[in-house]
Amino acid sequence: MATAERRLDRLVASGPALLALALGVFPLLVLFVESLGPGLGPANYAEALSPLYRGALTYSIGVGVAVTVVCLLIAYPVTYWLAHRCPARYRLVGLVALTLPLWLNYVVLNYAWVWILARSGVVNAVLVNAGILGQPLEVLYTEVSMALGFVYIYLPYVVLTMYVSMERLDQRLMAAARDLGATNLRVFVDVILPRTLPGAAAATLIVYARIAGAFATPEILGSPGNVMVARLVVQAVREYINYGFAAALSFVFLVAVLASLAVGALFPRVRRELRQW
Amino acid sequence: MVTSLAQLSERGAGRFPGVVVALTLAFLYGPVLVVGYLSLSPTAQPTIPLDALSLRWYGEIAQNTRFVRSLVNSLVIGVAAAVGGTGLGLAGAYTITRSQLSATARRGLALVIALPLFVPTVVVAFGIGRASAIAGLGFGYLPVILGHLFWVLPFTTFLLAARYAELDDALSAAAADLGANRQTVFRTVTLPLLRPALTASALFAFALSFNEFLITFFLAGSSVTTVPLEIFGKVRIGATAFLNAASVVVLLISAVAAGAASALRKPV
């Protein structure tokens, strides 16, 4: 009986296990072997780490960090309002409204910004017609439009992750601090920040790597001059058919991302916040 | 609403958080509404403000065989990912929470399933593309569907595992006491209790697959096209009223799937 049950459990586990091994582990092994070829040497890694590509790597990580910080700055007041100010019966609706874009197509969502920011787009039409601007702003296809596109896509992830720890924060602590004469700033620094920091760290871990490795947003809204890692990988694969170099670049990027994830996962409180993902 | 906001603002940081929420909602939904408005342009190149409103471009997308084909492909792949991803996710969730396999095996399975969450998507996509070429699968429907199954698996597995863990063991124990074997317990007790979570999982998996871009970009080859690929290709040529109408259709389909799923499951 017990062995029959275990055999059945093994059969059940084999489905998802085979898929995850065949499409998760095997491809990483393939890429690792290709990154060493031809001749099983470090030549591809030397190229991937040359100053030319190192610039794109640090730029990608810099964009990832900067956009994450902006998302956190917005998510703090938003989740605070939702968890502690919003009337309870509107809270779920509010959370769904703020996180629904998670499930919408990011290619389409980024495309929408073309119409907001273009030379003949909404912002320019309104500002020029109102006489506020003499001539249209040229913000589309710059770092500004790319950053807006990133915040637009990733803010809902940060809000959803932050909300969990903001909801857990005990209102009485804030009330007590205010009764004792604390200003808003002191309440934020001494009460809110220490207790929501794990949530903020978890949100950072979730979005920063996705931003740093993004392909579609810089292609749709960015400038051709701002080269991020994903475009280099795609170019190496599709235009130069240089799989070895693309694989080495992928691994360098993967290691950089995993290293930062590992640092975050060392803290048990951060790990707990990540569980919902 | 205004009076309640005013009352609320007496506490804490005043109006500031409420104002940020209002601005955030405008930020999130403004661009979508603009695209919706500009899809009603009578001309191919909308001028702001529109001179007249027309549904012409919705007719055009219905008659555009390339777009309709990509939509059908996306729907078929999405349904395959929803059904297959939920089935595999159920097997994964059962293994992680209830199976009699060793703790190491269960934790190992959770880890490999979670892989696409922490490996950058461009690396996942490129890796699957190379692995598919080496395995002789090449490009096309089969690699795309497998890629999407892998992409949705962590979401379906962890959603169902959370629900599995909440199930009351006493119910299945009672059924077993009454003489039901494991298959009967699963079919008559566990499955009905999991049904809302299974539906939510299938809808979320559909939305994830319907919107997936990068993995498809690496696996589709030249013969298969999906809606995100089609729109990405057109966006780079230029913004048009046709593209706006196509965008609205895509957003509506995914919003309906995700909205229905959210109604079945609390977001957190």
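Structure's up top.
Rules used in this analysis
Residues numbered from 1 in each chain as written. Chains lettered and ligands numbered in written order. Predicted model: local features only at pLDDT ≥ 70, side-chain atom pairs only at ≥ 80, totals over all residues. Heavy atoms only, no water. Helix = DSSP H or I, 4+ residues; strand = E, 2+ residues; numbered from the N terminus. Buried < 20%, exposed > 50% of the residue type's maximum accessible area, 1.4 Å probe, protein only. Contact = heavy atoms within 4.5 Å. Areas by Shrake-Rupley, 256 points an atom, 1.4 Å probe, with all protein chains shown as cover. Expected span 1.5 Å × (residues − 1). Polar contact = N/O pair within 3.5 Å; in protein donor to acceptor, adjacent residues only side chain to side chain. 1 Å grid on protein atoms, 1.4 Å probe; cavity = no way out; pocket = protein on both sides within 12 Å on 5 of 7 lines; lining within 4 Å. Points joined across faces, edges and corners; volume = space filled by probe spheres on them. Nonpolar A, V, L, I, M, F, W, Y, C, P; charged D, E, K, R; others polar. Buried area = accessible area lost by both parts, 1.4 Å probe. Salt bridge = Lys/Arg side-chain N within 4 Å of Asp/Glu carboxyl O.

## Considering the overall build of chain A
Link 1 in the chain: If you tally the helices and strands in chain A, you get 13 helices and zero strands.
Link 2 in the chain: Each helix (α) and strand (β) of chain A, taken in turn from the N terminus, gives the series α-α-α-α-α-α-α-α-α-α-α-α-α.
Link 3 in the chain: Over its C-alpha atoms, taken along the principal directions, chain A stretches across nearly 75 × 70 × 30 Å.
Link 4 in the chain: Taking all 277 residues of chain A together, 52% fall into the buried category.
Link 5 in the chain: Long-range contacts, defined here as pairs at least 24 residues apart, represent 75% of the contacts in chain A between residues at least 6 apart.
Link 6 in the chain: By element, 68% of the accessible surface of chain A is carried by carbon and sulfur atoms, the whole surface being about 12,600 Å².

## Comments concerning helix H4 (residues 65–97) of chain B
An α-helix turns once per 3.6 residues; consequently, residues spaced three or four apart project the same way.
Link 1 in the chain: Over its 33 residues, H4(B) extends 46 Å from the first C-alpha to the last, a length consistent with the 48 Å expected when each residue adds 1.5 Å.
Link 2 in the chain: Where H4(B) begins, the capping side chain belongs to Asn64(B), and its oxygen is found 3.1 Å from the backbone nitrogen of Arg66(B).

## Things to note about the layout of surface pockets
Link 1 in the chain: Taken as a whole, the second largest pocket spans an internal volume of roughly 590 Å³.
Link 2 in the chain: Lining the second largest pocket are 23 residues, with Tyr94(B), Tyr164(B), Arg182(B), Phe186(B) and Thr190(B) sitting closest to its centre.
Link 3 in the chain: For the lining of the second largest pocket, the secondary-structure elements that each account for two or more residues are helix H1 (2–36) of chain A together with H4, helix H9 (169–177) and helix H10 (182–211) of chain B.
Link 4 in the chain: Examining the composition of the lining of the second largest pocket, we find that seven residues originate from one element, H10(B), more than from any other.
Link 5 in the chain: Classifying every residue of the lining of the second largest pocket by side-chain character gives 14 nonpolar, four polar and five charged.

## Considering the interface of chain A and chain B
Link 1 in the chain: Counting residues at the interface gives 87 residues for chain A and 85 residues for chain B.
Link 2 in the chain: Of the roughly 7,700 Å² buried between chain A and chain B, counting both surfaces, carbon and sulfur atoms make up 77%.
Link 3 in the chain: Of all residues in chain A, the largest losses of buried area upon contact with chain B belong to Arg85(A), Trp103(A) and Trp115(A), amounting jointly to 11% of the total for that side.
Link 4 in the chain: Counting across the chain A and chain B interface gives three salt bridges.
Link 5 in the chain: Here Glu34(A) makes a salt bridge to Arg130(B), at a shortest N to O gap of 2.9 Å.
Link 6 in the chain: Counting across the interface, chain A meets chain B through 13 residue pairs in polar contact (both at pLDDT 80 or more).
Link 7 in the chain: If one sorts the elements of the side of chain A that touches chain B by residue count, H1(A) sits on top with 23 residues.

## Points about empty space enclosed by the protein
The gaps left among the atoms become clear once a water-sized probe is rolled over them.
Link 1 in the chain: Overall, the coordinates contain three cavities of 30 Å³ or more when judged by the stated rule.
Link 2 in the chain: By volume, the largest cavity is sized at about 60 Å³.
Link 3 in the chain: Lining of the largest cavity is provided by Leu23(A), Gly24(A), Pro27(A), Leu28(A), Leu115(B), Val119(B), Val123(B), Val124(B), Gly127(B), Ile128(B) and Phe150(B).
Link 4 in the chain: Those elements that place two or more of their residues in the lining of the largest cavity are H1 of chain A together with helix H7 (121–134) of chain B.
Link 5 in the chain: Taken as a whole, the second largest cavity holds about 30 Å³ of empty space.
Link 6 in the chain: In terms of lining, the second largest cavity is formed by Val108(A), Leu109(A), Tyr111(A), Ala112(A), Val32(B), Val35(B), Ser247(B) and Leu251(B).
Link 7 in the chain: Secondary-structure elements contributing two or more residues to the lining of the second largest cavity are helix H5 (106–117) of chain A together with helix H2 (16–38) and helix H13 (241–264) of chain B.
Link 8 in the chain: Broken down by element, the residue count for the lining of the second largest cavity peaks at four residues, all from H5(A).
Link 9 in the chain: Residue composition of the lining of the second largest cavity, grouped by class: seven nonpolar, one polar and no charged.

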